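Chains, contacts and geometry: an overview
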Amino acid sequence: MTIEVLHPLVHSLTKSEKRYCRLMAGRQGGDKPDAARPNAARPDAARSFVRLFDCLLRHETPGEALTADLARQFPGATLEAARKYLYRVLMQSLRQYEGAKRLEVRIGQLLHDSQILYERGLVQFSQDQLEKARMLAEQQERGLYVVLAARQQVDQWVRWQFDGVDEPTLANQHALIRTQLEGTQTALHHAALYETLLLRYRTQGMMTSAADKLRLNDLLLEEYQLLNRQNRVGPHGRPGLMRSFAMQQQHLHFQSAYFRMIGDGEGSLRVYRELDALFQQNPTLWAEQPLYYVQLLEGILSDLRLLEQYADMPFFIDRLRLFDTPLQGLNHVVPYVVLYHSLLSLVDQRGYTDAADLLKTFLPQGPAFERGLAHLALPARTEFELLLIRLSVGQGQLSVGLRRLNRVLARPARSLPRPLYTQIRLMHLLLLARLGNADSLTYALRSVERKLSATGGGSEGEQLVIALLRHWLAGKSSAELLIHLDTFNGSPADHQLLRNLDVRPWAEAMTDGSQ
């Protein structure tokens, strides 16, 4: 495993995880080689682990200093063996450290325990472990694990020649398997619909025309048919699958994403509140998979911002801040999500001083802050950086904002959704105008216009920004810029774009003649 992987992996560990990894390395190394275990780690391997581990921790960021330090401590080919050993110990330690926290691991251990007991002739004890695994999986609505436990139980019945098992018991077991498979298949189908809709939203943004909204009808029809199947009454009066937490969650997530995609913030927020109530009523069913809960809170905050209900945002930001999860990945991401929405609310309302003070609480971490930012998904990281640029511009630090914006512009366009990439280009144009760089603006504006023309001309909001810049280049009265904004009647997506670009503050600054 390369240093490029090991360095961020080591720096992602908590203090307790670091202690546990050192303990595991010491146990594996021992005091001296064991002839009975020729493949066991030798003491020199454990010492190499500690040296490489400490070396990576000393360097906040990878670079020439780290490379030189590694070459000095691990001459020749010794680094390769140390890298492999470090990776093996880290992954083994983390698997053991996090094992008890994950439901899937606990169920898997019960299934494995059952297999071991059965192979040693302890059939009844083996069946008890399977029953525990099945009940735990049913309580947490893990249909596939219910099926695995039930099938393993049937396999043992077959190998034990159905000793103590009658036909009704076998039939009930088969019915349980079919029911769980049906429920799992339906849940996966609903998840696929939601994920497809979410992908369209991420890549295309809000729908700005009736024709665009009609293109969502395929998913709406498929979800409607799926809901009908879920609500049917099964054999013997059994209710349909709609009562499942997973089914209701996926349905409400789908509905909220649809309303947001068509620009209906109020409809999306109403559905999100229903979803929030569902999560509050079933905390144990999502504790092992908290990602959807984080998405719920992010969705509520996005809708409140779309509706400009900034006074309600702190309540949900605080809920997100207090959120705790055993999953290290989310624990690293959530603080940045909290900071992003906190800054977004302040910058939208031109509270630049308060936003800068809030940001200072993170900036003392220095490289750690930037490294954590780099671990976000590329679209989320880009949106965060655009927000930091808005803050710099709002404070009058135009050169600072331009330097960061140039780094964002250097990213490949294909790696970003089209609406987001267009927003970056438009922000660059507006910043050039603030700097009074008419020559660079003219050249860059032509490039953006060609790009928009090749993709259908752009939205009304994008065209408005282009028109405002053309007015400014033509030397027309700056007051006309504000008139254009006041009379603009675009879609919610267009108004959100203007807010993301701070077009009104820009127009006011150009009217006042400030740079």
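Numbering of residues begins from 1 in every chain and follows the order in which that chain's sequence is written. Reporting of local features is limited, given that this is a predicted model, to residues whose pLDDT is at least 70; pairs of side-chain atoms are given and counted only at 80 or more, and all residues count toward the totals for whole chains, interfaces and linings. Calculated side-chain values reflect all of the structure's heavy atoms, with hydrogen atoms and water omitted.

**Looking at the pattern of salt bridges**
Pairs can form between side chains of opposite charge whenever their charged atoms are close. To be explicit about the condition: A pair is scored as a salt bridge if a Lys or Arg side-chain nitrogen falls within 4 Å of a carboxyl oxygen belonging to Asp or Glu. Runs of E in the DSSP output that reach at least two residues are strands. Runs of H or I that reach at least four are helices, and both are numbered from the N terminus. Relative accessibility thresholds used throughout: buried, under 20% of the residue-type maximum; exposed, over 50%; partly exposed, between the two (1.4 Å probe, protein chains only).
What the rule picks out here adds up to 23 salt bridges. With a closest N to O distance of 2.3 Å, R321 and D318 form a salt bridge. Residue R321 and its partner D318 are both found in helix 16 (residues 313-321); the two are separated by three residues, about one turn of the helix. What makes D318 partly exposed here is its relative accessible area of 36%. The partner of R390 in a salt bridge is D502, and the shortest N-O contact between them spans 2.8 Å. Note that R390 is positioned in helix 20 (residues 378-394) and D502 in the loop between helix 26 (492-500) and helix 27 (503-512), a separation of 112 residues in sequence. Each member of the pair R390 and D502 is classed as buried. Through salt bridges with shared partners, a single network forms among R305, D348, R390 and D502.

**Comments concerning the packing of aromatic side chains**
Our working rule: Side-chain rings of Phe, Tyr and Trp (the six-membered ring for Trp) are treated as a pair once their centres are within 6.5 Å; stacked means planes under 30 degrees apart, edge-to-face means over 60, and tilted covers the remaining angles. Either the NZ atom of lysine or the CZ atom of arginine qualifies as a charge over a ring when it sits within 6 Å of the ring centre and within 35 degrees of the ring normal.
Taken as a whole and assessed by the stated rule, the structure comprises eleven aromatic pairs. Both rings, one in F279 and one in Y293, keep their centres 5.8 Å apart while their planes meet at 50°; by these two values the pair is tilted. Here Y293 lies in helix 15 (residues 291-306) and F279 lies in helix 13 (residues 265-281), a separation of 14 residues in the sequence. The burial state of F279 is the same as that of Y293; both residues are buried. Members of the aromatic cluster, connected to one another through ring pairs, are F245, F279, W286, Y293 and F323. Sitting above the plane of the F259 ring, R270 keeps its charged end 6.0 Å from the centroid.

**Some words on empty space enclosed by the protein**
Under the convention used in this document: As defined here, a cavity is a set of points on a 1 Å grid over the protein atoms alone where a 1.4 Å probe fits but cannot get out. A pocket is an open set with protein on both sides within 12 Å along at least five of seven lines, and residues line them when an atom is within 4 Å of a point. Grid points are joined across faces, edges and corners, and a volume is the space filled by probe spheres set on the points. Only Asp, Glu, Lys and Arg are considered charged in this grouping, and only Ala, Val, Leu, Ile, Met, Phe, Trp, Tyr, Cys and Pro are considered nonpolar; every other residue, Gly among them, is considered polar.
Evaluation of the coordinates by the stated rule reveals three cavities of 30 Å³ or more. Quantified by volume, the largest cavity comes out at close to 130 Å³. Lining the largest cavity are 13 residues, and of these V393, M427, R434, L501 and D502 sit closest to its centre. Secondary-structure elements contributing two or more residues to the lining of the largest cavity are helix 20, helix 22 (418-434) and helix 27. Of the residues contributing to the lining of the largest cavity, the split by class is nine nonpolar, one polar and three charged. Taken as a whole, the second largest cavity holds about 50 Å³ of empty space. Put simply, the parts of the chain that give the lining of the second largest cavity at least two residues each are helix 22 and helix 23 (438-454). When grouped by side-chain class, the residues that make up the lining of the second largest cavity number three nonpolar, one polar and two charged.

**Some points on helix 21 (residues 398-409)**
The test is simple: Helix span, as expected, comes to 1.5 Å for every residue beyond the first.
In this model helix 21 runs 16 Å from its N-terminal to its C-terminal C-alpha over twelve residues, within 8% of the 16 Å that 1.5 Å per residue would give. Three or more residues of helix 21 are buried, namely L398, G401, L402, R404, L405 and V408.

**Quick word on the nonpolar core**
Heads up, the rule is: Take the buried Ala, Val, Leu, Ile, Met, Phe, Trp, Tyr and Cys residues and link them wherever side-chain atoms come within 4.5 Å; each set so joined is a nonpolar core. We call two residues in contact whenever any of their non-hydrogen atoms come within 4.5 Å of each other.
Among the nonpolar cores identified, the biggest contains 46 residues, and L197, F279 and L320 are the most heavily contacted of them. For this core, the secondary-structure elements that each account for two or more residues are helix 9 (167-204), helix 11 (217-231), helix 12 (245-261), helix 13, helix 14 (283-286), helix 15, helix 16 and helix 17 (328-348). In terms of residues, this core owes the most to one element, helix 15, which gives nine residues. Once residues within four sequence positions are removed from consideration, L197 is found in contact with L216, L219, F254, A257, Y258 and M261. Within the second largest apolar cluster, 39 residues are counted, among which are I389, V393, L481 and L497.

**What to know about the packing of helix 24 (residues 460-473) against helix 25 (residues 479-486)**
How we decide: Note on definitions: angles span 0 to 180 degrees between N-to-C directions of axes, and those axes are lines fitted to C-alpha atoms, for helices only across the stretch in contact. Angles below 35 degrees are treated as roughly parallel, those above 145 as roughly antiparallel, those between 65 and 115 as roughly perpendicular, and all remaining angles as oblique. Handedness of a helix crossing follows the sense of rotation of the near helix relative to the far helix, less than a right angle counterclockwise being left-handed and clockwise being right-handed.
With their axes 10 Å apart at the nearest point, helix 24 and helix 25 run at an angle of 165° to one another. Judged on the interaxial angle alone, helix 25 and helix 24 are roughly antiparallel. For the element pair helix 24 and helix 25, the recorded crossing hand is right-handed. Contact residues: helix 24 offers L464, L468 and H471, while helix 25 offers E480, L481, H484 and L485. Here the contact of helix 24 with helix 25 is composed, by residue class, of four nonpolar, two polar and one charged.

**A few points about the confidence of the model for the protein chain**
Here is the rule: Summary of the metric used: pLDDT quantifies the predictor's per-residue confidence within the range 0 to 100.
Mean pLDDT over the protein chain: 83, with 90% of residues reaching 70 or higher. Note that residues 30-42 has pLDDT below 50 and, in this model, ten contacts with residues that lie over four places away or in other chains. For residues 233-242, every residue scores under 50 in pLDDT, and the model assigns this stretch 18 contacts once sequence neighbours within four places are set aside.

**Details of the packing of helix 20 against helix 22**
Running from N to C, helix 20 and helix 22 cross one another at 15°; their axes reach a closest spacing of 11 Å. Compared by their axis directions, helix 20 and helix 22 come out roughly parallel. Crossing geometry of helix 20 relative to helix 22 is assigned as left-handed. The residues of helix 22 that touch helix 20, namely those facing P379, T382, E383, L386, I389, R390 and V393, are L420, Q423, I424, M427, L431 and R434.

**Focus: unusual backbone geometry**
The phi dihedral of E141 is positive, around 55°, even though this residue is not glycine. Within the secondary structure, E141 sits in the loop between helix 7 (123-139) and helix 8 (143-159). Phi at F162 takes a positive value of approximately 55°, unusual for a residue other than glycine. Structurally, F162 can be placed in the loop between helix 8 and helix 9. A residue is classified by how much of its surface remains accessible, and F162, at 36% relative accessible area, is partly exposed.

**Observations regarding the side chain of R390**
Since its relative accessible area comes to 4%, R390 is described here as buried. Sequence-distant contacts of R390, defined by excluding residues within four places in its chain, comprise R305, L344, V347, D348, Y352, M427, R499, N500 and D502.

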